[in-house]
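Structural characterization, general
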Amino acid sequence: MIYHMYGPIAREDEKEITELMNLYRKLYSYVAGFITVAGLCLVPFLKYFIADDPGISGLTGIYLLYLLNTVVSYLWGYKRALIDGHQKGYISTLYVTAFMTIQFIAQIIVLLVFENFIIYLLMQIICNILTNLSIAWKCDRMYPYLKKDRKSLPSKETQKSIFKNVSAMFMHKLGDVMVNNTDSLIISAFVGLVTVGIFDNYRMLLGSVNTAINGILGSFVASIGNLSVTDDKERVFHIYKTLNFIGFWIHSYAAVTFLVMFNPFIEVWAGKDYLFPMSVVFLIVLNFYMSGMRKVTLNFRDAMGLYWYDRYKPIFEVIVNLVVSIVLVIKYGLVGVLIGTFVSTAGVCFWVEALVTYKHGFEKSVSHYFKMFSIYTASAVAVGGFTYFVCSFIVMGGLLEIFLKLVVCTAMYNILLMLLYGRTVEYKEFMEKLIGLIEGRMGRELTGLRKVLMR
């Protein structure tokens, strides 16, 4: 929906912005209502998604609290779109980070003092509501003209265009939710809830890193959207190549680090009983890498409003994921589910999203993307494989092993990657922006650092 605001924001058309926000308020309430009804309809079927009895009382109540937390995330949430559209997403991020910190502290206290999971979930719901209320209050302060008219709506033609894109994006988001969550349902139904719990330990660590990475790469979306309506396609494509390189560097480094660190960290944190074999860890990391390498392309597709062209992609993605996962889980267990996720990503999402973005956004051949992806992935496998091999000799257990592996992995992987790509345009622009950001924070020029990183 933010895509439709880039033009009015660039023109500073307060009337059109107000009309769009009024429409978005209605749409958000409709979505919240739909999720409430759909979520309640699933309550009678919860027992079919659990293969073993975990012995936990009040599972239905816990599910309803999670449902409530999802629903309240749509209350007043539409106002964040206006802040992000003005390229001030850092304001929303500040509020989200502040209340998330409060939430984590409150939840830790609840678990230590009361040992009550229900109160733990209530803390999450309360902080979610407070986050949206605070962002909405800030938006009203920044753009007071929104209060002058709460009834006017965009023209029928504009609404038709918005509904067209929103319906397409709805299919994309529904597909994402189904793919990301059916894995847990299939594992729970065919393997067991205990395996889901262990799997969630790995996914929680991945999720924390993903949140940080999404904050970095997602911050460019509004700039891309504004650029796409005011600048030429060659300039947009040039920025895409640079951001894609940054995305590759970050995700490949994170993937290699996870491969090296996952089991040692979880062993210290939770114990040996909560470890997966390396074959499972490799597939978890592989899916993380494939998902990460799509992010910049998806950001550009979203910023340029190209959702309609691949609206049927989620349907095929879900079908492929479900069929392959269910067929393989019977024989291979968790490994089969992870293979199903990889097959649906590589066989459907990977090439369809790139094709749409290149054809309708950049107006270029998608062969460039496949060549770029192949080169990046080959270098990640070579450098990452060597890094993993060296780190495998660090075996001493405990926090010291984790610390040494992290230092060696970070230094070796990034230095080798710098030697490989140090003379490319994308690398130089990446480092120029990074050093400029550091200089801005420190208030002085870092000539020595420039000489080391930009030969």
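Since the structure is predicted, the reported quantities are computational estimates derived from the model, not experimental observations. Note that residues are indexed from 1 along each chain, following the sequence as it is written. A pLDDT threshold of at least 70 governs which residues receive local features in this predicted model, and a stricter bar of 80 or more applies before side-chain atom pairs are shown or counted, although totals over entire chains, interfaces and linings include all residues. Each side-chain value is worked out from all heavy atoms of the structure, with water and hydrogens disregarded.

Two elements in contact, helix α15 (residues 367–391) and helix α16 (residues 398–421), have axes whose closest approach is 10 Å; the angle formed by their N-to-C orientations is 145 degrees. Pair α15 / α16 crosses with right-handed handedness. On α16, the residues touching Ile375, Tyr376, Ser379, Ala380, Val383, Gly384, Phe386, Thr387, Val390 and Cys391 of α15 are Lys405, Val408, Cys409, Met412, Tyr413, Leu416, Leu417, Leu420 and Tyr421. Fitted lines through C-alpha atoms serve as axes, helices being fitted only where they are in contact, and the angles separating the N-to-C directions of these axes extend from 0 to 180 degrees. A run of H or I in DSSP becomes a helix once it reaches four residues, and a run of E becomes a strand once it reaches two; helices and strands are each numbered from the N terminus. Crossing chirality is assigned from the near helix's rotation relative to the far helix, an anticlockwise turn below a right angle marking it left-handed and a clockwise turn marking it right-handed. Every residue pair with non-hydrogen atoms within 4.5 Å of one another is taken to be in contact.

Positionally, Pro264 belongs in helix α10 (residues 233–269). Expressed as a C-alpha distance, the spacing of Pro264 and Gly398, which sit 134 residues apart in the sequence, is 7.8 Å. Apart from the residues lying within four places of it in its own chain, the contact partners of Pro264 are Glu401, Ile402 and Lys405.

In this section: the pattern of salt bridges. By salt bridge we mean one thing: a side-chain nitrogen of Lys or Arg within 4 Å of a carboxyl oxygen of Asp or Glu. Taken as a whole and assessed by the stated rule, the structure comprises 11 salt bridges. Residues Asp140 and Lys79 are paired through a salt bridge, measuring 2.7 Å at the closest nitrogen-oxygen approach. Of the two residues, Asp140 is situated in helix α6 (residues 117–142) and Lys79 in helix α4 (residues 79–85); the sequence distance between them amounts to 61 residues. Exposure is judged per residue with a 1.4 Å probe applied to protein chains only, and the accessible area is read against the type maximum: over 50% gives exposed, under 20% gives buried, and values in between give partly exposed. Classification of Asp140 as buried rests on a relative accessible area of 16%. For Lys79, a relative accessible area of 8% corresponds to the buried category. Linking Lys364 and Glu234 is a salt bridge whose minimum nitrogen-to-oxygen distance equals 2.8 Å. Taken together, the residues Lys364 in the loop between α14 (334–362) and α15 and Glu234 in helix α10 connect sequence positions 130 residues apart. Residue classification places Lys364 among the partly exposed residues on the basis of a relative accessible area of 27%. Since its relative accessible area comes to 47%, Glu234 is described here as partly exposed. Ionic contacts of the salt-bridge type, sharing partners, join the residues Arg294, Lys313 and Glu353 into one network.

Moving on to the nonpolar core. Buried residues of nine kinds, namely Ala, Val, Leu, Ile, Met, Phe, Trp, Tyr and Cys, make up a nonpolar core once their side-chain atoms join them within 4.5 Å. Residues Tyr240, Phe248, Phe262, Phe276, Ile284 and Tyr369 are the most contacted members of the largest nonpolar core, which totals 68 residues. The element that contributes the greatest number of residues to this core is α10, accounting for 17 residues. In contact with Phe276, not counting residues within four places along its chain, are Thr195, Ile198, Phe199, Tyr202, Asn263, Val281, Ile284 and Leu334. By size, the runner-up hydrophobic cluster in this structure holds 22 residues, among which are Ile9, Leu23, Tyr28 and Leu82.

Okay, the packing of α10 against α14 next. In the contact formed by α10 and α14, the axes pass within 11 Å of each other and the chain directions differ by 150 degrees. Judged on the interaxial angle alone, α14 and α10 are roughly antiparallel. Along its contact with α10, which presents Lys233, Val236, Phe237 and Tyr240, the element α14 presents Tyr358, Gly361 and Phe362. An angle below 35 degrees is treated as roughly parallel, one above 145 as roughly antiparallel, one from 65 to 115 as roughly perpendicular, and anything else as oblique.

Residue count minus one, scaled by 1.5 Å, sets the expected span of a helix. Helix length check: helix α7 (residues 156–190), at 35 residues, gives a terminal C-alpha distance of 49 Å against a target of 51 Å (1.5 Å per residue), a fit within 8%. A bend of about 30 degrees at Thr182 is the largest found in α7. Count one or two residues on from α7 and you reach Gly192, which has phi positive near 140 degrees. In this scheme, the bend at a residue equals the angle between the axes fitted to the seven residues that finish there and the seven that begin there.

Now for the environment of Gly33. Residue position: Gly33 is located in helix α2 (residues 14–41). Spatially, the C-alpha atom of Gly33 lies 51 Å from that of Ser392, the residues being 359 residues apart in sequence.

The relative placement of two aromatic rings is captured by the distance of their centres and the angle of their planes. Centres within 6.5 Å are what make two rings of Phe, Tyr or Trp a pair, Trp counting through its six-membered ring; a difference in plane orientation under 30 degrees is then read as stacked, over 60 as edge-to-face, and the rest as tilted. Within this structure, the stated rule accounts for 36 aromatic pairs. Aromatic side chains Phe258 and Phe262 sit 4.7 Å apart centroid to centroid with 25 degrees between the ring planes, which places their arrangement in the stacked category. Of the two residues, Phe258 and Phe262 both sit in helix α10, 4 residues apart, roughly one turn of that helix. Like Phe262, Phe258 is buried.

With that settled, consider the confidence of the model for the protein chain. Residue-level pLDDT values for the protein chain average 86, and 91% of them are 70 or greater. When mean pLDDT is taken per element in the protein chain, α15 scores highest with 96 and helix α18 (residues 447–453) scores lowest with 56. Every residue gets a pLDDT, meaning the predictor's confidence in that residue, from 0 to 100.

The next thing to look at is the side chain of Lys79. Among the polar contacts listed, one links the side chain of Lys79 to the side chain of Asp140, at a separation of 2.7 Å. Residues within four places of Lys79 in sequence aside, it is in contact with Met21, Ala136, Cys139 and Asp140. Pairs of N or O atoms are called polar contacts if they sit within 3.5 Å, as long as, within protein, a hydrogen donor faces a hydrogen acceptor (for residues adjacent in sequence, only side-chain-to-side-chain pairs).

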